[in-house]
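Fold and contact review
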Amino acid sequence: MGKRKGLAGGVLAAVVLAAGLWLWTGSGVDRAPDVTVETLEGKQLELADLRGQPVLVNFWATDCPGCIEEMPHLKELYTDLSDDGLQMVAIAMSYDDPEAVRQLAERRDLPWRITHDADGSLAKAFGDVNLTPTTFLIDPEGRIVQETIGVLDMERLRERLRPMLESGA
């Protein structure tokens, strides 16, 4: 009986570890949707145009405490890695007031591209995002390699980005 419990516990631990790894890495095969966004500055951006570089797509809201908490860390990440090729697109949720989005972006001096998902189509294209923050890491080939719901672990994200940026992305 003792060996059976030990084996069952080992199998359960392996399943939990595999599930956690899958949640951290995502399926690794999902392609980023081909969407076009309009930035707060009125410029059109096709996500597909950013292929060849790693892209962080961050769904956020002005009333989301976790979103506000991670903004300075995202700003530091962008400042450190944008010259190496990191691209970032922040998508404010449809329920956010566009003027509140603009004001927060200006007040926080956010340097990356920001858009407002007025009709919810961007959230839908990324699998019906409805929790914030939700962040997708897209590799230079256009695959979603990580989906994170909640505040990002910046150290792990940097580790994940390093090989993408070193490969000449």
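Note that the coordinates shown come from a computational prediction; the quantities given were computed from them, not determined experimentally. (Residues numbered from 1 in each chain as written. Predicted model: local features only at pLDDT ≥ 70, side-chain atom pairs only at ≥ 80, totals over all residues. Heavy atoms only, no water.)

1. Structural notes on the side chain of Asp-117
- One can find Asp-117 in the loop between strand E5 (113-116) and helix H4 (121-125).
- No salt bridge is formed by the buried Asp-117; the nearest opposite charge belongs to Lys-124, separated by 11 Å.
- There is a polar contact of 2.8 Å between the side chain of Asp-117 and the backbone nitrogen of Ala-123.
- If sequence neighbours within four positions are ignored, Asp-117 has contacts with Phe-59, Ile-91, Ala-92, Met-93, Ser-94, Leu-122 and Ala-123. (Helix = DSSP H or I, 4+ residues; strand = E, 2+ residues; numbered from the N terminus. Buried < 20%, exposed > 50% of the residue type's maximum accessible area, 1.4 Å probe, protein only. Lys, Arg positive; Asp, Glu negative; His and termini not counted. Salt bridge = Lys/Arg side-chain N within 4 Å of Asp/Glu carboxyl O. Polar contact = N/O pair within 3.5 Å; in protein donor to acceptor, adjacent residues only side chain to side chain. Contact = heavy atoms within 4.5 Å.)

2. Re the confidence of the model for the chain
- Here the chain averages 88 in pLDDT, and 82% of its residues register 70 or above.
- Across residues 13-29, where pLDDT falls below 50, the model places 14 contacts with residues more than four positions away in sequence or in other chains. (pLDDT = per-residue confidence, 0-100.)

3. Re the environment of Asp-34
- Among the structural elements, Asp-34 can be located in the loop between helix H1 (2-25) and strand E1 (36-38).
- Between the C-alpha atom of Asp-34 and that of Leu-122, which follows or precedes it by 88 residues, the distance is 9.9 Å.
- When near neighbours in sequence (up to four residues on either side) are disregarded, Asp-34 contacts Ala-48 and Arg-51.
- Only 3.3 Å separates the side chain of Asp-34 from the side chain of Arg-51, close enough to count as a polar contact.

4. What about the sheet that holds E5?
- Within the open sheet, the 5 strands sit side by side as E5-E4-E3-E6-E7. Their pairing is mixed. Each end of this open sheet is capped by a strand with a single partner; those strands are E5 and strand E7 (144-149). On average, each strand axis in the sheet is tilted by 15° relative to the strand beside it, whichever way the strands run.
- Here strand E6 (residues 134-138) pairs with E7 via 5 bridges, running antiparallel. Bridge pairing links Thr-134 to Ile-149 in E7.
- Its contacts with the sheet put helix H3 (residues 98-107) on strand E3 (55-60), strand E4 (87-92) and E5, and the angle it makes with E5 is roughly 165°. (Pairing = 2+ DSSP bridges. Axes fitted to C-alpha atoms, helices over the stretch in contact; angles between N-to-C directions.)

5. A look at the environment of Arg-158
- Relative to the elements of secondary structure, Arg-158 occurs in helix H5 (residues 154-166).
- We classify Arg-158 as partly exposed; its relative accessible area is 24%.
- In this view, Arg-158 contacts Glu-76, Leu-77, Asp-80 and Leu-81; residues no more than four positions away in its chain are not counted.
- Only 2.8 Å separates the side chain of Arg-158 from the side chain of Asp-80, close enough to count as a polar contact.

6. Overview of the state of the cysteines
- If you walk through the whole model with that rule in mind, you get 1 disulfide.
- The disulfide bridge from Cys-64 ends at Cys-67, spanning 2.4 Å between sulfur atoms. With the S-S dihedral at roughly 80°, the linkage between Cys-64 and Cys-67 falls on the right-handed side. Both residues of the pair, Cys-64 and Cys-67, belong to the buried class. (Disulfide = S-S within 2.5 Å.)

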